[in-house]
Amino acid sequence: MMKLGSALVLALVVPGVALAAEPTRPEKAPQPDASKASGFVTIACNPGCEGIFVDGKSLGPSPIVRAELPAGTHKLTLRRKGYDEKKLEVVVKPGETALLNVALSQQAAPPAEPPPDIAARVAAKMIKADGFLSVVCDPACDQVIVDGKRKLGPAPHTNVSLPPGKHDITIQRKGAPDKVITVNLIPGQTTAFKVAMQTEAERTVIPAKAPAQPQPKR
């Protein structure tokens, strides 16, 4: 039994005889974290953009060539003075370059005339030229009042400056009924009128009869 055992040991260490090695299993390479992978974006504007913003961060003017960005969806804002702001999204894939060629739209020209509400406010602030009023009373009047507030005193009045538009002119004379006349003054022009203001006594005076002419003798 000892001889047989020695023979087996010698057989294992005989020079030139290769022993069968146990096969080794290759280790798996670590997989990259997709959330940390990056891609690239190239952006061109037509006409050129003065400012390109990715997720609110400025990348400067166009063109942008292979700017590195984290993989995923990003929001772009493209700006140029005189053109409408452009907003869009770009999907960046790991190791790939997203190409964007964006055409910008020119802003519409302002309207030739301002909207009615603006025009009304501007017109209200403009200084308008005055109109002028001339009043003559027959035979006379004691007071001329404009719009129930401004007293001009006894007539006649010549070229009284008033704002353009409609005004109520009240004529007063003691013994005669008041008269109210509405006038429409035009800028830079004079509106004149004459008012009869006889008293009741003046209206009822009976003119004296002319003396009888002598009859010729027959």
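Keep in mind the model is a prediction, meaning the values are calculated, not measured.

*Asks:* What's the story with the overall build of the protein chain in this structure? I'm lost.
*Replies:* Across its full length, the protein chain carries 3 helices and 14 strands. The 218 residues of the protein chain split such that 25% are buried. Within the protein chain, counting contacts between residues at least 6 apart in sequence, those at least 24 apart form 53% of the total. Carbon and sulfur atoms provide 58% of the accessible area of the protein chain, an area that totals close to 16700 Å².

*Asks:* How should the pattern of salt bridges be read in this particular structure?
*Replies:* Scanning all chains against the criterion turns up 2 salt bridges. A salt bridge links Glu 85 to Arg 79, with the shortest nitrogen-to-oxygen separation between them at 2.6 Å. The partly exposed category is assigned to Glu 85, whose relative accessible area is 41%. Under the relative-accessibility criterion, Arg 79 is labelled partly exposed at 40%. Salt-bridge contacts for Glu 85 lead to Lys 87; the nearest nitrogen and oxygen are separated by 3.8 Å. Three or more residues joined by partner-sharing salt bridges are found here, namely Arg 79, Glu 85 and Lys 87.

*Asks:* Is there a simple way to think about unusual backbone geometry in this case?
*Replies:* Leaving glycine out, the prevailing phi sign among residues is negative, and the prevailing peptide bond configuration is trans. Here the residue pair Asn 46 and Pro 47 is connected by a cis peptide bond, since its omega of -5 degrees sits within 30 degrees of zero. Pro 63 follows Ser 62 through a cis peptide bond whose omega is 0 degrees. As for its placement among the helices and strands, Pro 63 is situated in the loop between β3 (57–60) and β4 (64–70). One non-glycine residue, Asp 147, lies in the positive phi region at around 55 degrees. Secondary-structure assignment places Asp 147 in the loop between β9 (143–146) and β10 (150–153). Located in the positive-phi region is Asn 159, a residue other than glycine, with phi close to 50 degrees. Inspection of the secondary structure assignment puts Asn 159 in strand β11 (residues 157–162).

*Asks:* Would you mind going over the sheet that holds β4 with me for this structure?
*Replies:* Two strands in a sheet stick together by hydrogen bonds in their backbones, pointing the same way (parallel) or opposite ways (antiparallel). Strand order in the open sheet formed by 3 strands is β4-β1-β7, with mixed pairing between adjacent strands. Where the open sheet ends on each side, the last strands, each with one partner, are β4 and β7 (97–103). Taken over all neighbouring pairs, the strand axes of this sheet differ in orientation by 30 degrees on average, direction set aside. The pairing of strand β1 (residues 38–46) with β7 spans 7 bridges and is classified as parallel. Opposite Phe 40, over in β7, you have Thr 97 as the bridge partner.

*Asks:* Which parts of the structure should I look at to understand the sheet that holds strand β8 (residues 131–138)?
*Replies:* Across the sheet, 3 strands lie side by side as β11-β8-β14; this open sheet has mixed pairing. The outermost strands of the open sheet, each flanked by one partner alone, are β11 and β14 (190–196). On average, each strand axis in the sheet is tilted by 25 degrees relative to the strand beside it, whichever way the strands run. In this sheet, β11 lies alongside β8 in antiparallel orientation, the contact comprising 4 bridges. When the sheet's bridge partners are listed, Val 135 is paired in β11 with His 157.

*Asks:* Could you clarify how one ought to interpret the state of the cysteines in this entry?
*Replies:* Note: disulfide means a covalent bond formed between the sulfur atoms of two cysteine side chains. Tallied over the full model, the rule gives 2 disulfides. In this model, Cys 45 is linked to Cys 49 through a disulfide, with the two sulfur atoms separated by 1.9 Å. Between Cys 45 and Cys 49, the S-S torsion sits near -95 degrees, and that sign places the bridge as left-handed. The partner cysteine of Cys 137 in its disulfide is Cys 141, sulfur to sulfur 2.1 Å. The sign of the S-S torsion, about 70 degrees, decides the handedness of the disulfide formed by Cys 137 and Cys 141: right-handed. As far as the burial class goes, Cys 137 and Cys 141 line up, both buried. The connectivity of the disulfide-linked cysteines in the protein chain, indexed sequentially, is 1-2, 3-4.

*Asks:* I keep staring at the environment of Arg 173 and nothing clicks. Help me out?
*Replies:* Inspection of the secondary structure assignment puts Arg 173 in strand β12 (residues 165–173). Taking relative accessible area as the criterion, Arg 173 reaches 16% and is therefore assigned buried. Along the backbone, Arg 173 and Pro 139 are 34 residues apart, and their C-alpha atoms lie at a distance of 10.0 Å.

About the criteria used
- Residues numbered from 1 in each chain as written.
- Predicted model: local features only at pLDDT ≥ 70, side-chain atom pairs only at ≥ 80, totals over all residues.
- Heavy atoms only, no water.
- Helix = DSSP H or I, 4+ residues; strand = E, 2+ residues; numbered from the N terminus.
- Buried < 20%, exposed > 50% of the residue type's maximum accessible area, 1.4 Å probe, protein only.
- Contact = heavy atoms within 4.5 Å.
- Areas by Shrake-Rupley, 256 points an atom, 1.4 Å probe, with all protein chains shown as cover.
- Salt bridge = Lys/Arg side-chain N within 4 Å of Asp/Glu carboxyl O.
- Pairing = 2+ DSSP bridges.
- Axes fitted to C-alpha atoms, helices over the stretch in contact; angles between N-to-C directions.
- Disulfide = S-S within 2.5 Å.

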